[in-house]
Amino acid sequence: MTTPPSPPVVLSLAGSDPSGGAGIQADILTLASLGCHPLSVITAITVQDTVGVNDLMVLDSDWVNDQARFLMEDMPVAAFKIGMLGSVENVAVVSQLIADYPDIPVVLDPVLASGGGHELADEDLIGAMRDMLIPQVSILTPNSLEARRLASSDPDEDEELTLDQCAERILALGCPYLLITGTHENTKEVVNSLYGQDGVVRADHWDRLPGSYHGSGCTLASAIAGMLATGLLLPEAVREAQEYTYQTLVNGFRPGMGQFLPDRMFWARGDDEEEGDAAQG
């Protein structure tokens, strides 16, 4: 009997979100939807729902390291996706992990706060990301608020920085690509800008949808990782991942009392347009 080929394997390192909206659960749903096999390394356990985060327990770095190392010794990984790490110690072990596999593309979603505004990273953790992690990743995917925090250690300066200035500072840390998403900007359309070492590579404009969504950033970063794992070059992977993510939001649903959740399996549920209208109605 012939063994069928394995789908592309993607290793996600992120916190657990029991609501299924963000975190490792969002990564698993997204990667599976795109035809990848997701591996999951839990970095933190949260108490949260669609409204917000109530509590957080960060896992010991040895547990994070052991989860990842066992998997890496067993299966060939085509891409890494990194989300919330929760501690300086976790940043250190993950930095060493990806340093040991320099040929595998790395997508970093620098989760610094929850969608409801709960702080998930202090200045020490952000400093560790700047020093140890960002120089090694293939692409960083902050929203505009996160980009300003990463670009400056002075909170009073954050609001004064343009996104182009943020990009220049962050790229100087060593990552080759940076995708800044514009959901939090006061613009008619959402503009997502992909920067490389020579400036803007592409800027994609999307209609601004009503309501707010829990897990859109996780979905986008995971989708980029999935696209890279299938062999797309990075600029094209970014474009395709944005299109996929936008469709998950158009078809989003509101199962609880808080934010909408992206529907990562929208393509499997029949008439996309009809469901999108229902989600926004």
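Residues numbered from 1 in each chain as written. Predicted model: local features only at pLDDT ≥ 70, side-chain atom pairs only at ≥ 80, totals over all residues. Heavy atoms only, no water.

Named according to an unreviewed UniProt entry, the protein is hydroxymethylpyrimidine kinase originating from Chromobacterium phragmitis. As stated in UniProt under Pathway (unreviewed entry), the record for the protein gives "Cofactor biosynthesis; thiamine diphosphate biosynthesis." (UniProt positions renumbered as here; feature names shortened; annotations may be inferred.)

S.K.: Lay out the overall build of the protein in plain terms, naming residues and giving numbers.
M.R.: Counting secondary structure elements, the protein contains ten helices and nine strands. Taken over C-alpha atoms, the radius of gyration comes to 18 Å for the protein, in line with the 19 Å a tight globule of 281 residues would show. Principal-axis analysis of the C-alpha atoms gives the protein an extent of 65 × 45 × 40 Å. For the protein, the exposed area adds up to about 12,800 Å²; of that, 52% sits on carbon and sulfur atoms. (Helix = DSSP H or I, 4+ residues; strand = E, 2+ residues; numbered from the N terminus. Rg over C-alpha atoms; globule rule 2.2 N^0.38 Å. Areas by Shrake-Rupley, 256 points an atom, 1.4 Å probe, with all protein chains shown as cover.)

S.K.: Lay out the sheet that holds strand 7 (residues 177-180) in plain terms, naming residues and giving numbers.
M.R.: Taking strand neighbours across the sheet as the criterion, the nine strands line up as 3-2-1-4-5-6-7-8-9 in an open arrangement whose pairing is mixed. Here the strands that pair on one side only, and so sit at the sheet edges, are strand 3 (53-58) and strand 9 (199-207). Pairing geometry for strand 2 (residues 37-48) and strand 3, over five bridges, is antiparallel. Within strand 3, the residue paired with Thr-46 across the bridge is Leu-56. Helix 2 (residues 61-74) rests against strand 1 (9-16), strand 2 and strand 4 (79-82) of the sheet, and its axis sits at about 165° to strand 2. (Pairing = 2+ DSSP bridges. Contact = heavy atoms within 4.5 Å. Axes fitted to C-alpha atoms, helices over the stretch in contact; angles between N-to-C directions.)

S.K.: Provide a residue-level description of helix 9 (residues 234-250), including the pertinent values.
M.R.: For an α-helix the count is 3.6 residues per turn, leaving residues at separations of three or four pointing the same way. The end-to-end C-alpha distance of helix 9, which contains 17 residues, comes to 24 Å, matching closely the 24 Å that a straight helix rising 1.5 Å per residue would cover. Buried residues of helix 9: Leu-234, Ala-237, Val-238, Ala-241, Gln-242, Tyr-244, Thr-245, Tyr-246, Thr-248, Leu-249 and Val-250, and no others. (Expected span 1.5 Å × (residues − 1). Buried < 20%, exposed > 50% of the residue type's maximum accessible area, 1.4 Å probe, protein only.)

S.K.: Outline the environment of Val-238, supporting the account with residue identities and numerical values.
M.R.: One can find Val-238 in helix 9. Residues Val-238 and Gly-21, spaced 217 residues apart in sequence, show a C-alpha to C-alpha distance of 21 Å. Excluding residues within four positions of it along the chain, Val-238 makes contact with Ile-139, Leu-179, Leu-194 and Ile-224.

S.K.: Lay out the packing of helix 5 (residues 144-151) against helix 7 (residues 163-171) in plain terms, naming residues and giving numbers.
M.R.: Helix 7 packs onto helix 5 with a crossing angle of 50° between their chain directions and a minimal axis gap of 9 Å. On the basis of their axis angle, the class for helix 5 and helix 7 is oblique. Considering how the two elements wind past one another, helix 5 and helix 7 form a crossing that is left-handed. Between helix 5, through Ser-144, Ala-147, Arg-148, Leu-150 and Ala-151, and helix 7, the contact on the second element is made entirely by Leu-163, Cys-166, Arg-169 and Ile-170. (Parallel < 35°, antiparallel > 145°, perpendicular 65-115°, else oblique. Left-handed = near helix turned anticlockwise from the far one by under 90°.)

S.K.: Outline the nonpolar core, listing residues and values.
M.R.: In terms of nonpolar packing, the biggest core is built from 45 residues, with Leu-11, Leu-13, Phe-80, Ile-82 and Leu-133 touching the most fellow members. The contacts of Leu-133, once residues within four sequence positions are left out, are Ile-82, Leu-85, Val-91, Val-94, Ser-95, Ile-98, Leu-108 and Ala-128. Among the nonpolar cores identified, the runner-up in size contains 22 residues, and Ile-139, Leu-179, Ala-221 and Leu-234 belong to it. (Core = buried A, V, L, I, M, F, W, Y, C linked by side-chain atoms within 4.5 Å.)

S.K.: Describe the pattern of salt bridges, with residues and values.
M.R.: Any two side chains of opposite charge can pair, on the condition that their charged atoms come close. Within this structure, the stated rule accounts for eight salt bridges. A salt bridge links Arg-239 to Glu-243; the nearest nitrogen and oxygen atoms lie 3.8 Å apart. With Arg-239 and Glu-243 both in helix 9 and four residues apart, this pair spans about one turn of that helix. Residue Arg-239 is classed as partly exposed on the basis of its relative accessible area, which comes to 27%. (Salt bridge = Lys/Arg side-chain N within 4 Å of Asp/Glu carboxyl O.)

S.K.: Go over the packing of aromatic side chains with me, naming the residues and quoting the values.
M.R.: According to the stated counting rule, one finds three aromatic pairs in the structure shown. Plain terms: the ring middles of Tyr-213 and Phe-260 are 5.6 Å apart, the flat faces sit at 40° to each other, and that makes the pair tilted. Of this pair, Tyr-213 sits in the loop between strand 9 and helix 8 (216-229) while Phe-260 sits in the loop between helix 9 and helix 10 (272-280), placing them 47 residues apart in sequence. Assigned by exposure class, Tyr-213 and Phe-260 land together as buried. (Phe/Tyr/Trp six-rings, centres within 6.5 Å; stacked < 30°, edge-to-face > 60°.)

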